[in-house]
Amino acid sequence: MNKVAGIIRVDRKVLDIDKVLQMGMTFRWRKHGQIWHGVIGRNAVQLEQKNEGVAYSCVNGDSSDSGLNSELIRFFDLERKYEIPHDDENLTNAVGKYEGIRQLQLDPIETLYSFICSSNNHISRISSMMTFLGSKGDLLAQIKSDTDVEPNLFRYQAFPSIETLAQLTEQELRAANFGYRAKFIVKTSASILENGGNSWVETLKSEDYVVAVEKLMTLAGIGRKVADCIALYGLNKRESIPLDVHLIRLANRDYNLKEAEKGLTPTRYEGIVARLRETWGRDAGWVQTVLFYKELQLSKEKKKSPKSKREKNKPRTEKKEVKVEVKEEPVELQSEAQVSSRKGPVVTTRRRAAQKIKTECDEMPLKKAKEEEF
DNA sequence: AATCGACCTTC
DNA sequence: AAGGTCGAT
């Protein structure tokens, strides 16, 4: 087999695939030994993090080397240099401690389904649901285990087309453990098909953030928060801040937010994300991802050792200005290739009126929280 | 415009 | 109770 392989020379401080591939952005990547297995477009991809960078190979020979290389750079968002407010000590510390987190640029359709599945759910079940959907896609390659220890073979499958997804029945999905989300999947697939299928979803990428979110929310199972997740990871909308109780909690603690965690009405949601956007700046979406990862780690540590809370009094490690940059000069992307967005009315079958999203914010940006009292 | 309960499983 | 959405009030 004609195997394409190479390496992206990037420091672990810039890209840490162990972190980004299992934190709840993607749900179909698997790690066996040191190797990560997954699919990008129609490429069956293997990834391994080494000191020199991320080694990659494509095991189904669908792509040219340069093609896969630039796809990976895009996938891991490596041409972007993240910006953080210079006076945000909390963020600077978090970025310094939890390095290598990227705001992935994922397939819009797969991301859309992923986050419909994510409502009221946890990563392991979302993963199994997404693996089920993936099992309906084209088989690109598969590996057999050479050991008895790991008898499972990994199947690399392209994410199915909307047409294929639309054939799934609620009954079948419920049997596959989708619970009440089964109905959402069926309805949304039909709606997307009516709207124009794959190309309708693709054009959302060229819409403004607010418009994209409004259109996403016309679909069943996509509310405000899920729409933000799709916008951020699937449509590359970096101002998107998926807001949930965890984010409110950490912002209350570290950013003097002073908001209740419950009763998140549409109005409150817009007000809060507007303030956080002011606070976190241009790359607010990525900031959210980093801080969320930090919370994930903190809660894991807490679970492991419910020790005394005196830990907090440890002197903070002084971090110098954080530089986030790519070692290798990324290739230029041609933006001309994009089909211009249509001005005409996009036909959408709305089951409900799309809510307007307010973007104004009268409130002042948040101040950093002062040192907590102990 | 805000509040409330239901909804599939599972940790 | 959980990483939300939907429909009714």
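Residues numbered from 1 in each chain as written. Chains lettered and ligands numbered in written order. Predicted model: local features only at pLDDT ≥ 70, side-chain atom pairs only at ≥ 80, totals over all residues. Heavy atoms only, no water.

### Quick look at the packing of aromatic side chains
This model, assessed by the stated rule, comprises eleven aromatic pairs. Pairing Phe 75 with Phe 76 gives two aromatic rings, centres 4.9 Å apart and planes at 90°, and the pair type is edge-to-face. Counting every residue linked through ring pairs, the aromatic cluster contains Phe 27, Phe 115 and Tyr 233. The ring centre of Tyr 180 lies 4.4 Å from the NZ or CZ of Arg 181, which sits over that ring. (Phe/Tyr/Trp six-rings, centres within 6.5 Å; stacked < 30°, edge-to-face > 60°. Lys NZ or Arg CZ within 6 Å of the ring centre and 35° of its normal.)

### Observations regarding the protein's contact with DNA strand B
In the vicinity of DNA strand B, the contacting residues are Asn 120, His 122, Arg 125, Arg 174, Asn 177, Gly 179, Tyr 180, Arg 181, Thr 265 and Thr 267. Sugar and phosphate atoms form 79% of the subset of DNA strand B atoms that lie within 4 Å of the protein. Here Tyr 180 contributes a backbone N or O atom positioned 3.1 Å from a sugar or linking oxygen of DNA strand B. Along the lines of polarity and charge, the residues of the surface near DNA strand B split into one nonpolar, six polar and three charged. (Near = heavy atom within 4 Å. Polar contact = N/O pair within 3.5 Å; in protein donor to acceptor, adjacent residues only side chain to side chain. Nonpolar A, V, L, I, M, F, W, Y, C, P; charged D, E, K, R; others polar.)

### Describing the protein's contact with DNA strand C
Near DNA strand C, the surroundings consist of 19 residues, among which Asn 120, Gly 221, Gly 223, Val 226 and Phe 292 are the closest. Among the atoms of DNA strand C lying within 4 Å of the protein, the sugar-phosphate backbone contributes 55%. Contact between DNA strand C and Tyr 180: a base nitrogen at 3.2 Å from a side-chain N or O atom of the residue. One of the backbone N or O atoms of Gly 221 is found 2.8 Å from a phosphate oxygen in DNA strand C. Of the residues forming the surface near DNA strand C, the biggest block, three residues, is contributed by helix α11 (residues 224-233). Taken together, the residues that form the surface near DNA strand C break down as nine nonpolar, six polar and four charged. (Helix = DSSP H or I, 4+ residues; strand = E, 2+ residues; numbered from the N terminus.)

### A few points about the domain arrangement of chain A
By domain assignment, chain A separates into domain 1 (4-90 + 103-240) and domain 2 (241-302). Taken over C-alpha atoms, the centre of domain 1 sits 23 Å from the centre of domain 2. Buried surface at the junction of domain 1 and domain 2, both sides included, amounts to about 2000 Å², of which 54% is carbon and sulfur. One salt bridge in this structure joins Asp 283 and Arg 238, with 3.1 Å as the shortest N-O distance. Here the residues of the side of domain 1 that touches domain 2 sort into nine nonpolar, three polar and ten charged. (Domains from an automatic or database assignment. Buried area = accessible area lost by both parts, 1.4 Å probe. Salt bridge = Lys/Arg side-chain N within 4 Å of Asp/Glu carboxyl O.)

### Looking at the pairing of strand β4 (residues 43-49)
Counted residue by residue, β4 has six buried out of seven residues, so it is predominantly covered. By the bridge criterion, five bridges tie strand β3 (residues 35-40) to β4 in an arrangement that is antiparallel. Looking at β4, one finds that His 37 is bridged to Gln 46. Joining the antiparallel neighbours β4 and strand β5 (residues 54-58) is a turn of four residues, in which Gly 53 adopts a positive phi near 155°. (Buried < 20%, exposed > 50% of the residue type's maximum accessible area, 1.4 Å probe, protein only. Pairing = 2+ DSSP bridges.)

### Overview of the nonpolar core
Residues Leu 21, Leu 47, Phe 76, Tyr 113, Leu 133 and Phe 178 are the most contacted members of the largest nonpolar core, which totals 92 residues. Among the elements that make up this core, the one with the highest residue count is α11 (seven residues). Summarising the domain contributions, this core has at least three residues from each of domain 1 (4-90 + 103-240) and domain 2 (241-302). With residues up to four places along the chain from it excluded, the contact list for Tyr 113 reads Met 130, Leu 133, Phe 159, Ile 162, Leu 165, Ile 185, Ser 189 and Ile 192. Among the nonpolar cores identified, the runner-up in size contains eight residues, and Val 59, Leu 140, Ala 141 and Tyr 156 belong to it. (Core = buried A, V, L, I, M, F, W, Y, C linked by side-chain atoms within 4.5 Å. Contact = heavy atoms within 4.5 Å.)

### What to know about unusual backbone geometry
If you check the backbone angles, Asn 256 has positive phi at about 55° while not being a glycine. Checked against the element boundaries, Asn 256 lands in the loop between α12 (245-255) and α13 (266-280). With a phi close to 60°, Lys 258 is a non-glycine residue in the positive phi region. Note that Lys 258 resides in the loop between α12 and α13. Judged by its relative accessible area of 67%, Lys 258 falls in the exposed class.

### Quick notes on the side chain of Gln 157
For Gln 157, the location among the structural elements is in strand β7 (residues 154-157). Classification of Gln 157 by relative accessible area gives buried; the value is 8%. Engagement of the side chain of Gln 157 in a polar contact is seen with the backbone oxygen of Ser 135, the distance being 3.3 Å. Polar contacts involving the side chain of Gln 157 include one to the main-chain carbonyl oxygen of Gly 137, which spans 3.0 Å. In this structure, Gln 157 is in contact with Arg 28, Val 39, Gly 134, Ser 135, Gly 137, Asp 138, Leu 139 and Leu 140, ignoring residues within four places of it in sequence.

### Notes on the pattern of salt bridges
Enumeration according to the criterion identifies 21 salt bridges in this entry. The partner of Lys 19 in a salt bridge is Asp 16, and the shortest N-O contact between them spans 2.9 Å. Here Lys 19 falls in the buried class, since its relative accessible area comes to 16%. When the shortest N-O distance is used, the salt bridge between Arg 80 and Asp 77 registers 3.6 Å.

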